[in-house]
Amino acid sequence: MSNQETLSIAGSGIMGHSIALTAAWSGIDVKVWGIDKADIERAKAGVEAKLDVLVSYHVLDGKEKERIINAITFTDSLEECVFDATFVIEAIPENIELKQNFFKQLDETCPENTILASNTSGLSATEIAKLTNKPERTVITHFWLPAHLMPLVEVVRGNHTSDETVERALALLESMNKKPILVKKDVLGQVGNRLQYAIFREAQYLLENEIASMEDIDAAIQNSLGRRFGVTGPFMTMDMGGLETNASITSYLFEDLSDKKEVFSAMEGLVDNGHYGPKTGKGYYEWTPEFTAQKEQEREEELINWLKKDLRESNSDVKI
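Residues numbered from 1 in each chain as written. Predicted model: local features only at pLDDT ≥ 70, side-chain atom pairs only at ≥ 80, totals over all residues. Heavy atoms only, no water.

Q: So what exactly am I meant to see when it comes to the overall build of the protein chain here?
A: For the protein chain, the helix and strand inventory stands at 13 helices and 8 strands. For the protein chain, whose C-alpha radius of gyration is 21 Å, the value lies close to the compact-globule estimate of 20 Å for 320 residues. Once the C-alpha set of the protein chain is aligned to its principal axes, its extents read approximately 55 × 45 × 45 Å. Counting the 320 residues in the protein chain, one finds 40% classified as buried. Put simply, of all contacts in the protein chain between residues at least 6 apart along the chain, 69% involve residues at least 24 apart. (Helix = DSSP H or I, 4+ residues; strand = E, 2+ residues; numbered from the N terminus. Rg over C-alpha atoms; globule rule 2.2 N^0.38 Å. Buried < 20%, exposed > 50% of the residue type's maximum accessible area, 1.4 Å probe, protein only. Contact = heavy atoms within 4.5 Å.)

In structure tokens, the structure reads:
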């Protein structure tokens, strides 16, 4: 392994322990901080459950599973977790004040050459580093859920992030077998979420105006863009369809697309009534325990199939 960073993960929730699994899988020993013993036990169980799934799909064998588990060290002492780290990835809840105070603490605790990275999915790198003395070493490394199966990580520069910080973040992520992209400006939502929410806004517009049912709108993405975009992104798709044709479509369609700035009424009504999705049993869909388990399994299986394809293309030695 060419990367020489000593890695610590601050936060052992779903994202934190999945990032740790990813690092350990790639051969990096990693420390993980959890807020207490119960938090750590949940994280250990989460790691083992995810590894068991990978073994069941013949991505890993039992020996490799044990190697990964042994490469992850958990602690409920933040100082013990980060005191000798050269790279820390924060994975705590999405609250700007919480993150600002946490990064202030990391800035005061970690050696001055340690990179401080946030896994935020949409907050500003510049704002997160606001209370630190060395904002140039703060960067965003946004892993996508589930972090051990999704290859994309968005590396986002803050206004003060140094070139060295960006280069070290990209190098670490590549050594973890991720496919990082560089977000050059500190923009809310980064790249992936801006694209995702642009589609979601139009989906809500189509539903609210009774142009198609919720199920058919989902099916339109699943059975067209969802398959195509796994091979060609938006720019390549436009090229392959012919720019003259797509410029013509753009000329009349852009004017008609939704530009709504507020939350749509249907979504607002669901949230106001405590309907958040699987965690409450209802969202746009009815989420029974059986339906939730079915959809989680289908998503996991699809992502593992993509993972196997990636491993074959990289000539990995991992058994698939």
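Q: Can you help me understand the sheet that holds strand β3 (residues 72-75) in this one?
A: Strand pairing within a sheet occurs via backbone hydrogen bonds; the two strands may be parallel or antiparallel. The 8 strands are arranged β3-β2-β1-β4-β5-β6-β7-β8 in an open sheet whose pairing can be described as mixed. Bordering the open sheet on either side are β3 and β8 (179-183), each of which pairs with just one other strand. Taken over all neighbouring pairs, the strand axes of this sheet differ in orientation by 25° on average, direction set aside. Both strand β5 (residues 115-118) and strand β6 (residues 138-143) contribute to a ladder of 3 bridges, which runs parallel. Looking at β6, one finds that S118 is bridged to I140. (Pairing = 2+ DSSP bridges. Axes fitted to C-alpha atoms, helices over the stretch in contact; angles between N-to-C directions.)

Q: What is the right way to look at the packing of aromatic side chains in this model?
A: Any aromatic ring pair is given by two values, namely how distant the centres are and how the planes are angled relative to each other. Evaluation of the coordinates by the stated rule reveals 5 aromatic pairs. Here the aromatic rings of Y197 and F200 are separated by 6.3 Å at their centres, their planes lie at 85°, and the arrangement is edge-to-face. With Y197 and F200 both in helix α8 (residues 192-208) and 3 residues apart, this pair spans about one turn of that helix. Members of the aromatic cluster, each reached through a chain of ring pairs, are Y197, F200 and Y284. (Phe/Tyr/Trp six-rings, centres within 6.5 Å; stacked < 30°, edge-to-face > 60°.)

Q: Can you walk me through the pairing of strand β2 (residues 30-33) in this structure?
A: Regular strands show a simple pattern: their side chains alternate between the two faces of the sheet. Bridge count for strand β1 (residues 7-10) against β2 is 4 bridges, and the pairing is parallel. Bridge assignment links A10 to a residue of β2, and that residue is W33. For the crossover that starts at β1, traverses helix α1 (residues 14-25) and ends in the parallel β2, the hand is right-handed. Direction of pairing for β2 relative to β3: parallel, over a ladder of 4 bridges. Pairing of W33 across the sheet is with T75, part of β3. (Right-handed = clockwise from strand over helix to strand, strands pointing away.)

Q: Explain the environment of N193 here, please?
A: With respect to the helices and strands, the residue N193 is situated in helix α8. For N193, a relative accessible area of 13% gives the class buried. When the C-alpha positions of N193 and D84 are compared, they lie 33 Å apart, and in sequence the two are 109 residues distant.

Q: What's the story with the packing of α1 against helix α2 (residues 37-56) in this structure? I'm lost.
A: Any two packed helices are characterised by how steeply their axes cross, that is the angle between the axes, and by the distance between the axes. Two elements in contact, α1 and α2, have axes separated by 9 Å at closest approach and are oriented at 55°. Here α1 lies oblique to α2, going by the angle between them. Between α1 and α2 the crossing geometry is right-handed. Here H17, S18, L21 and W25 of α1 come into contact with α2, specifically with A43, G46, V47, K50, L51 and L54. Broken down by class, the residue content of the contact of α1 with α2 amounts to 6 nonpolar, 3 polar and 1 charged. (Parallel < 35°, antiparallel > 145°, perpendicular 65-115°, else oblique. Left-handed = near helix turned anticlockwise from the far one by under 90°. Nonpolar A, V, L, I, M, F, W, Y, C, P; charged D, E, K, R; others polar.)

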